[in-house]
Amino acid sequence: MELVVFVLASGMVLAGAFGVVVMSNPVHAAMSLVLTLFGVAVHFVAMEAHFLAAVQVIVYAGAIVGVGTIGLVAAAILRAKDTVERQDALEASGDSNIRLLARNLFQDHVFAFELTSVLLIVAVAGTVVMTRRSTSPSENEDGGT
Amino acid sequence: VIAAYVPTSTWYLLLAAALFGIGTTGLLVRRNPLVMFMCIELMLNAANLTFVAFAMQTGDINGQTSVFFVLVVAAAEVVVGLGIIVSILRRRPGATADDLAEMKG
């Protein structure tokens, strides 16, 4: 049974990865990437990393769909907000993997965890500033030409 | 007979190596900035798979915590990188990595 799961998920991962490299249309490549990410999530479940599997599907696959199809930064931020709610729902179920991970994350690595919040704030603020600035000159360029 | 084969961490490491190789190949071969970005995501996922495989092998939860941090950093990377790519493509539609050679010495 575990072997079947491993083979099927590995097929998903490798086929998706191959598709990312081969597909000429970036949207198709993004869909292949989603296939790979779901395959990796299946592997996470098989390795008893349930929380990471859920995060992988919600954050990663969701954000990459945003990259490939919409191409807007706002999508990634919305998905990130969605994750927090799902985390609460998962934690209520009392999974031991999540308890272990939470204890490790919030006791041993709490400083690094706080630093990631700084990183995310800086990244989001920097992107907003960057895209704002690039908006006005490019609009002027379009008007000029 | 089939049930006797239970996937060990070595199998996952081999899969992660293959995934990383495909991602590297794509990064070197493709010229579309968005697709190059996706290939970087493939390589990050290979690293995550390795982290979780070793966490399973050693029974240490620290590996899974590392994957959590990789996910966070990857999210920040996607936000910033996508902002750069969008602003480049807005200025020059259809630009490839070969076109962005102003800094070439």
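Bear in mind the structure is a predicted one, so any value in this text is a computation, not a measurement.

1. A few points about the overall build of chain B
When helices and strands are counted, chain B shows 3 helices and 0 strands. Counted from the first residue to the last, chain B has its helices and strands arranged as α-α-α. For 105 residues, the compact-globule formula gives about 13 Å, and the C-alpha radius of gyration of chain B, at 18 Å, lies well above that figure. Sorting the 105 residues of chain B into buried and exposed places 45% on the buried side. Here chain B displays about 5,100 Å² of accessible surface, and carbon together with sulfur accounts for 70% of that area. Taking the average location of the 6 positive side-chain charges in chain B and that of its 6 negative ones, the two points are 11 Å from each other.

2. Some thoughts on the packing of aromatic side chains
Applying the stated rule across the entire model yields 6 aromatic pairs over all chains. Where A:F113 meets B:F68, the ring centres are 6.1 Å apart and the plane angle is 25°; that geometry is what we call stacked. Linking A:F113 in helix α6 (residues 110-144) with B:F68 in helix α3 (residues 62-91), this pair reaches from one chain into another. On the accessibility criterion, B:F68 (10% relative accessible area) is buried. Put simply, the rings of A:F51, A:F106, A:F113, B:F68 and B:F69 touch in pairs and so form one group of aromatic residues.

3. A word on the interface of chain A and chain B
Counting residues at the interface gives 60 residues for chain A, matched by 48 residues for chain B. Summing the contributions of chain A and of chain B, the shared interface buries around 4,800 Å²; its carbon and sulfur component is 78%. Between the two partners, chain A and chain B, sit 0 salt bridges. Summed over the shared surface of chain A and chain B, the number is 7 residue pairs in polar contact (both at pLDDT 80 or more). Mapped by element, the contributors of at least two residues to the side of chain A that touches chain B are α1 (2-22), α2 (26-46), α3 (50-70), α4 (73-92), α5 (96-108) and α6 of chain A. No other element matches the 15 residues that α6(A) contributes to the side of chain A that touches chain B. Grouping the amino acids of the side of chain A that touches chain B by side-chain chemistry returns 40 nonpolar, 17 polar and 3 charged.

4. Structural notes on the nonpolar core
Among the nonpolar cores identified, the biggest contains 42 residues, and A:F44 and A:L52 are the most heavily contacted of them. Mapped by element, the contributors of at least two residues to this core are α1, α2, α3 and α5 of chain A together with α1 (9-29), α2 (33-58) and α3 of chain B. The dominant element in this core, judged by the number of residues it contributes, is α2(B), at 8 residues. Once you skip the residues sitting within four places of it in the chain, A:L52 turns out to touch A:F44, B:V52, B:Q64, B:V67, B:F68 and B:L71. Residues B:L34, B:F37, B:L82 and B:I85 belong to the second largest nonpolar core, which totals 5 residues.

5. A closer look at the confidence of the model for chain A
All names here are of chain A. Looking at chain A, the pLDDT average stands at 76 and 68% of residues meet or exceed 70. In the model, residues 72-79 has pLDDT below 50 throughout and makes 13 contacts with residues more than four positions away in sequence or in other chains. Counting contacts from residues 86-91, a segment whose pLDDT is below 50, to residues more than four positions away or on other chains yields 7 contacts.

6. Some remarks on the pattern of salt bridges
Residue and element names in this part refer to chain B. Inspection of the entire model under this criterion finds 1 salt bridge over all chains. Across the salt bridge formed by D98 and R31, the nearest N and O atoms sit 3.2 Å from each other. Placement of the pair is D98 in the segment after α3 and R31 in the loop between α1 and α2, with a sequence separation of 67 residues.

7. Here we look at the confidence of the model for chain B
Residues and elements named next belong to chain B. Mean pLDDT over chain B: 87, with 96% of residues reaching 70 or higher. No element of chain B has a lower mean pLDDT than α3, at 87, and none a higher one than α1, at 94. If you check the scores for this complex, the pTM reads 0.77 and the ipTM reads 0.87.

8. Thoughts on the environment of A:N97
As for its placement among the helices and strands, A:N97 is situated in helix α5. Since its relative accessible area comes to 7%, A:N97 is described here as buried. With 21 residues separating them along the chain, A:N97 and A:V118 place their C-alpha atoms 26 Å apart. In this view, A:N97 contacts A:E48, A:A49, A:H50, A:F51, B:I61 and B:Q64; residues no more than four positions away in its chain are not counted.

9. Describing the side chain of B:N48
With respect to the helices and strands, the residue B:N48 is situated in helix α2. Once residues within four sequence positions are removed from consideration, B:N48 is found in contact with A:F44, A:Y60, B:V67, B:V70 and B:L71.

Reading the values: rules and limits
Here the residue numbers are simple positions, counted from 1 along each chain's written sequence. Note on labels: chains are lettered from A, ligands numbered from 1, in written order. In view of the model being predicted, local features appear only for residues whose pLDDT reaches at least 70, and side-chain atom pairs are presented and counted only at 80 or more, with totals across whole chains, interfaces and linings using the full set of residues. Based on all heavy atoms of the structure, the side-chain values leave hydrogens and waters out of the count. The numbering of helices and of strands both runs from the N terminus, where a helix is a DSSP run of H or I of at least 4 residues and a strand a run of E of at least 2. As a reference, a globule follows 2.2 Å times the number of residues to the power 0.38, and the radius of gyration itself is taken over C-alpha atoms. Exposed residues in this analysis have more than 50% of their type's maximum accessible area, buried residues have under 20%, and partly exposed residues fall in between, with area computed by a 1.4 Å probe over protein chains only. The method behind every accessible area is Shrake-Rupley, applied with a 1.4 Å probe, and residues are considered shielded solely by the protein chains displayed. Neither His nor the chain termini are counted; the positive set is Lys and Arg, and the negative set is Asp and Glu. The atom standing in for a charge is NZ when the residue is Lys, CZ when it is Arg, CG when it is Asp and CD when it is Glu. Pairing of aromatic rings covers Phe, Tyr and Trp, the last through its six-membered ring, and needs centres within 6.5 Å; plane angles under 30 degrees mean stacked, over 60 mean edge-to-face, and all others mean tilted. The criterion used for residue contact is that any of the two residues' heavy atoms lie within 4.5 Å. Here's the idea: put two parts together, see how much 1.4 Å probe accessible area each one loses, and the total over both is what we call buried area. Throughout this description, the term salt bridge denotes a Lys or Arg side-chain nitrogen within 4 Å of a carboxyl oxygen of Asp or Glu. Under this definition, polar contacts are N or O atom pairs within 3.5 Å; protein pairs additionally need one hydrogen-donor-capable and one acceptor-capable atom, and for neighbouring residues in sequence, both atoms have to be side-chain atoms. Charged residues are taken to be Asp, Glu, Lys and Arg, nonpolar residues to be Ala, Val, Leu, Ile, Met, Phe, Trp, Tyr, Cys and Pro, and polar residues to be all remaining types, Gly included. What makes a nonpolar core is a set of buried Ala, Val, Leu, Ile, Met, Phe, Trp, Tyr and Cys residues whose side-chain atoms join them at distances within 4.5 Å. The quantity called pLDDT is the predictor's confidence in a given residue, expressed from 0 to 100.

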